[in-house]
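# Residue-level structure breakdown
The primary structure of each chain is shown beneath.
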Amino acid sequence: MKRRLALLLAAAPLLAGDGTQVLPLRTQLSVEDAKLPGGETMGLLGLTTTTDLGPFYIGAGLYGAAWGQRGGFFNYGLEGGLRGRPFDSLPVEFDAGLYAGGGGGAAAPQGQGLMLRPHAGAALVLGRFRFGAQLSEVRFPHGGFDSTEAAFTVAYTTDHLWRPEGGWGGPFSGPVSWGGRELEGEAISVRPA
């Protein structure tokens, strides 16, 4: 209950007030090579979309096996952390955060499926783009292994998600603008005959 109240209080400035509130959305792609027991490696590709709440951020993420012997491994969850630019004269942003999610597949030794990924890193800021590196640790507490590695990241920030006027008056019922960009997905199921 305390966590929910803290999150609600942190989000209050975004929900209250008159007029439109612009939320910066950052979509980040990360690539890293996790080390599994027995000398095996699993390439993890991560995709997260987060929004800033002051210096803090929170959002959803997806990690999946991109190479190695564990194709079919996926993990969905939440990511949050702290990021900022302490030196205005340098185009560098620092970040420290935690991803927590669940999933599995491909007979990966993930135990009960819980994956934790604490990370810390820095990124070069070029307008709305961020190119960076992180030191991350992929942990499967019930799977019996931890892997520390470098991750490389590319991120893009948009400012097109907005909330219509109304403040605390009622549930969100207005449009969401994605600035003319489109997102499309497709799912295909293939079964051997």
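Before going into details, it helps to say that this report is about the structure given with it. (Residues numbered from 1 in each chain as written. Predicted model: local features only at pLDDT ≥ 70, side-chain atom pairs only at ≥ 80, totals over all residues. Heavy atoms only, no water.)

### Digging into the environment of leucine 47
Checked against the element boundaries, leucine 47 lands in strand β2 (residues 41–53). Given a relative accessible area of 43%, leucine 47 falls into the partly exposed group. With 17 residues separating them in the primary sequence, leucine 47 and serine 30 have C-alpha atoms 6.6 Å apart. In this view, leucine 47 contacts Thr27, Gln28, Ala60, Gly61 and Leu62; residues no more than four positions away in its chain are not counted. (Helix = DSSP H or I, 4+ residues; strand = E, 2+ residues; numbered from the N terminus. Buried < 20%, exposed > 50% of the residue type's maximum accessible area, 1.4 Å probe, protein only. Contact = heavy atoms within 4.5 Å.)

### Focus on a nonpolar patch on the surface
A surface patch of nonpolar side chains, amounting to about 830 Å² of accessible area, comprises Leu29, Val31, Leu45, Leu47, Trp67, Leu124, Leu126, Phe129, Phe131 and Val154. Contributing elements (two or more residues each) for the nonpolar patch: β1 (21–35), β2, β6 (114–126) and β7 (129–140). The exposure class assigned to leucine 29 is partly exposed, which follows from its relative accessible area of 39%. (Patch = residues over 30% accessible without salt bridge, like charges linked within 9 Å, V, L, I, M, F, W, Y side chains within 5 Å. Areas by Shrake-Rupley, 256 points an atom, 1.4 Å probe, with all protein chains shown as cover. Salt bridge = Lys/Arg side-chain N within 4 Å of Asp/Glu carboxyl O.)

### Description of the side chain of serine 136
By secondary structure assignment, the location of serine 136 is in strand β7. Classification of serine 136 as buried rests on a relative accessible area of 1%.

### Considering the pairing of β6
Across the two faces of β6 the burial differs, with Met115, Arg117, His119, Gly121, Ala123 and Val125 buried and Leu114, Leu116, Pro118, Ala120, Ala122, Leu124 and Leu126 not buried at all. Inspection of the sheet shows strand β5 (residues 92–104) paired to β6 by 11 bridges, in the antiparallel sense. Bridge pairing in β6 links glycine 97 to histidine 119. Where β6 and β7 come together, nine bridges link them in antiparallel fashion. Looking across to β7, one finds that alanine 123 is bridged to glycine 132. (Pairing = 2+ DSSP bridges.)

### Let's talk about the nonpolar core
Of all hydrophobic cores here, the largest spans 12 residues; its members are Ala34, Leu36, Met42, Leu44, Tyr63, Ala65, Phe73, Tyr99, Met115, Val138, Phe140 and Phe145. Of all the secondary structure elements, the ones that give two or more residues to this core are β2, β3 (56–68) and β7. (Core = buried A, V, L, I, M, F, W, Y, C linked by side-chain atoms within 4.5 Å.)

### Details of the environment of glycine 80
Counting through the fold element by element, glycine 80 comes out in strand β4 (residues 74–84). Sequence separation between glycine 80 and glycine 97 is 17 residues; the distance between their C-alpha atoms is 5.5 Å.

### Details of the packing of aromatic side chains
Taken as a whole and assessed by the stated rule, the structure comprises three aromatic pairs. Between phenylalanine 129 and phenylalanine 131, the aromatic rings sit 6.1 Å apart at their centres with planes inclined by 15°, giving stacked as the arrangement. For phenylalanine 131, a relative accessible area of 41% puts it in the partly exposed group. On the basis of an interplanar angle of 50° and a centroid distance of 4.8 Å, the ring pair of phenylalanine 129 and tyrosine 156 is categorised as tilted. Separated by 27 residues along the polypeptide, phenylalanine 129 in strand β7 and tyrosine 156 in strand β8 (residues 145–163) bring together distant segments of the chain. Take phenylalanine 129: its relative accessible area is 39%, and that puts it in the partly exposed class. For tyrosine 156, a relative accessible area of 27% puts it in the partly exposed group. Three or more aromatic residues joined by ring pairs form one cluster here, namely Phe129, Phe131 and Tyr156. For the cation-ring pair, arginine 83 lies above tyrosine 57, with the distance from its terminal atom to the ring centre recorded as 4.0 Å. (Phe/Tyr/Trp six-rings, centres within 6.5 Å; stacked < 30°, edge-to-face > 60°. Lys NZ or Arg CZ within 6 Å of the ring centre and 35° of its normal.)

### Notes on the side chain of glutamine 134
With respect to the secondary-structure elements, glutamine 134 resides in strand β7. The exposure class assigned to glutamine 134 is buried, which follows from its relative accessible area of 7%. A polar contact is formed between the side chain of glutamine 134 and the side chain of arginine 117, at a distance of 2.8 Å. Among all residues touching glutamine 134, those that are not within four sequence positions of it are Gln28, Asp95, Arg117, His119, Ala120, Gly121, Glu149, Ala150, Ala151 and Thr153. (Polar contact = N/O pair within 3.5 Å; in protein donor to acceptor, adjacent residues only side chain to side chain.)

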